[in-house]
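Examination of the molecular architecture
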Amino acid sequence: QVQLVETGGGLVQAGESLTLSCAASGRSFSNGAMAWFRQAPGPEREFVASISWNGANEIYADSVKGRFTISRDNAKNTVYLQMNSLKPEDTAVYYCAADLSRWDVSFSKEEYGYWGQGTQVTVSS
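Along each chain, numbering runs from 1 in the same order as the chain's sequence is written. Whole-chain, interface and lining totals are the exception, using all residues; otherwise, since this is a predicted model, local features are given only for residues with pLDDT of at least 70 and side-chain atom pairs are given and counted only at 80 or more. Here the side-chain values reflect all heavy atoms present in the structure, with hydrogen atoms and water set aside.

**Digging into the packing of aromatic side chains**
Only Phe, Tyr and Trp rings take part, Trp by its six-membered ring, and two of them pair if their centres are within 6.5 Å. Stacked means planes under 30 degrees apart, edge-to-face means over 60, and tilted covers everything else. Under the counting rule described, the total for this entry stands at four aromatic pairs. For the pair phenylalanine 37 and phenylalanine 47, a centre-to-centre distance of 5.7 Å together with 75 degrees between the ring planes defines the contact as edge-to-face. Here phenylalanine 37 is found in strand E4 (residues 34-39), whereas its partner phenylalanine 47 is found in strand E5 (residues 46-51), with ten residues between them in sequence. In this pair, the class of phenylalanine 37 matches that of phenylalanine 47, namely buried. Plain terms: the ring middles of phenylalanine 37 and tyrosine 112 are 5.8 Å apart, the flat faces sit at 75 degrees to each other, and that makes the pair edge-to-face. Of this pair, phenylalanine 37 sits in strand E4 while tyrosine 112 sits in the loop between strand E9 (92-98) and strand E10 (114-115); the two residues are 75 residues apart in sequence, bridging distant segments of the chain. In this text, helices come from DSSP runs of H or I with a minimum length of four residues, and strands from runs of E with a minimum of two, each type numbered from the N-terminal end. When accessible area is computed with a 1.4 Å probe and restricted to protein chains, residues below 20% of their type maximum are described as buried, those above 50% as exposed, and intermediate ones as partly exposed.

Okay, here's the thing in structure tokens:
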């Protein structure tokens, strides 16, 4: 059974930092891109960041550029999201996503075949 499990969410104050981790099991994603999305109240998940299979390329949503950093450790089958200078508008459920065949970055949720269950990040002002 393939699983992506996010950890590290919680409640923080504005301006503080938080690091999310997503560990995959059941299948190796070392050849595929991985990404983070988030969902505030509403029907759609918003793109946050994506990283290529070897970590050579990274893309970010404009709203998080300069504050968030995505990274991965293929030996651990894990992707990370370092979040600095958090703002109340960052409050959302954060989901990690991965794909087995797409190797390059993508901002489209349709490109990812596997998803985690999400972890709540709440930023208070």
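**Regarding the environment of arginine 45**
Structurally, arginine 45 can be placed in the loop between E4 and E5. When its relative accessible area of 27% is taken as the criterion, arginine 45 is described as partly exposed. In this structure the C-alpha to C-alpha distance between arginine 45 and valine 93, which are 48 residues apart in sequence, comes to 9.1 Å. In this view, arginine 45 contacts Phe37, Arg38, Gln39, Tyr95, Lys109 and Trp115; residues no more than four positions away in its chain are not counted. Contacts described as polar in this section are N or O atom pairs within 3.5 Å, which, within protein, must combine one atom able to donate a hydrogen with one able to accept it, while residues neighboring in sequence count only if both atoms come from side chains. Here glutamine 39 takes part through its side chain, which lies 3.2 Å from a polar atom of the side chain of arginine 45. Residue contacts are defined here by distance: any two heavy atoms, one from each residue, within 4.5 Å place the two residues in contact.

**Quick look at the pattern of salt bridges**
When a carboxyl oxygen of Asp or Glu is within 4 Å of a side-chain nitrogen of Lys or Arg, the pair counts as a salt bridge. All told, the structure shown has six salt bridges when counted by the stated rule. Between aspartate 62 and lysine 65 there is a salt bridge; the shortest N-O distance is 3.2 Å. Taking the relative accessible area as the measure of exposure, aspartate 62 reaches 64% and is therefore exposed. Between glutamate 110 and lysine 109 there is a salt bridge, with its nearest N and O atoms 3.9 Å apart. By relative accessible area, which is 61% here, glutamate 110 ends up exposed. Looking at lysine 109, the relative accessible area reads 31%, which means it is partly exposed. Salt bridges sharing common partners tie together Arg38, Glu46, Arg67 and Asp90.

**Observations concerning the nonpolar core**
Side-chain atoms within 4.5 Å are what join buried Ala, Val, Leu, Ile, Met, Phe, Trp, Tyr and Cys residues into a set we call a nonpolar core. The biggest cluster of nonpolar side chains holds 33 residues, and the ones touching the most others in it are Trp36, Leu81, Met83 and Tyr94. Listing elements by their share of this core, those giving two or more residues are strand E3 (18-25), E4, E5, strand E7 (68-73), strand E8 (78-83), E9 and strand E11 (119-124). In contact with methionine 83, not counting residues within four places along its chain, are Glu16, Ser17, Leu18, Leu20, Arg67, Phe68, Tyr94 and Val121.

**Here's the deal with the sheet that holds E3**
One bridge is not enough; two strands pair if DSSP finds at least two bridges between them. Here four strands make up an open sheet; going across it, the order is E1-E3-E8-E7 and the pairing antiparallel. Only two strands of the sheet have a single partner each, and these edge strands are strand E1 (3-7) and E7. In this sheet, neighbouring strand axes are inclined to one another by 15 degrees on average, regardless of whether the strands run parallel or antiparallel. With six bridges connecting them, E3 and E8 associate as antiparallel partners. Paired with leucine 18 across the two strands is methionine 83, which belongs to E8. Axis geometry follows a simple rule: fit a line to the C-alpha atoms, using only the stretch in contact for helices, then measure angles between N-to-C directions, giving values from 0 to 180 degrees.

**Digging into the side chain of serine 106**
Examined against the element boundaries, serine 106 turns out to sit in the loop between E9 and E10. Within the structure, serine 106 has its side chain in polar contact with the backbone nitrogen of serine 108 (distance 3.2 Å). What serine 106 contacts, discounting residues up to four positions off in sequence, is Phe47, Ser50, Ile59, Glu111 and Tyr112.

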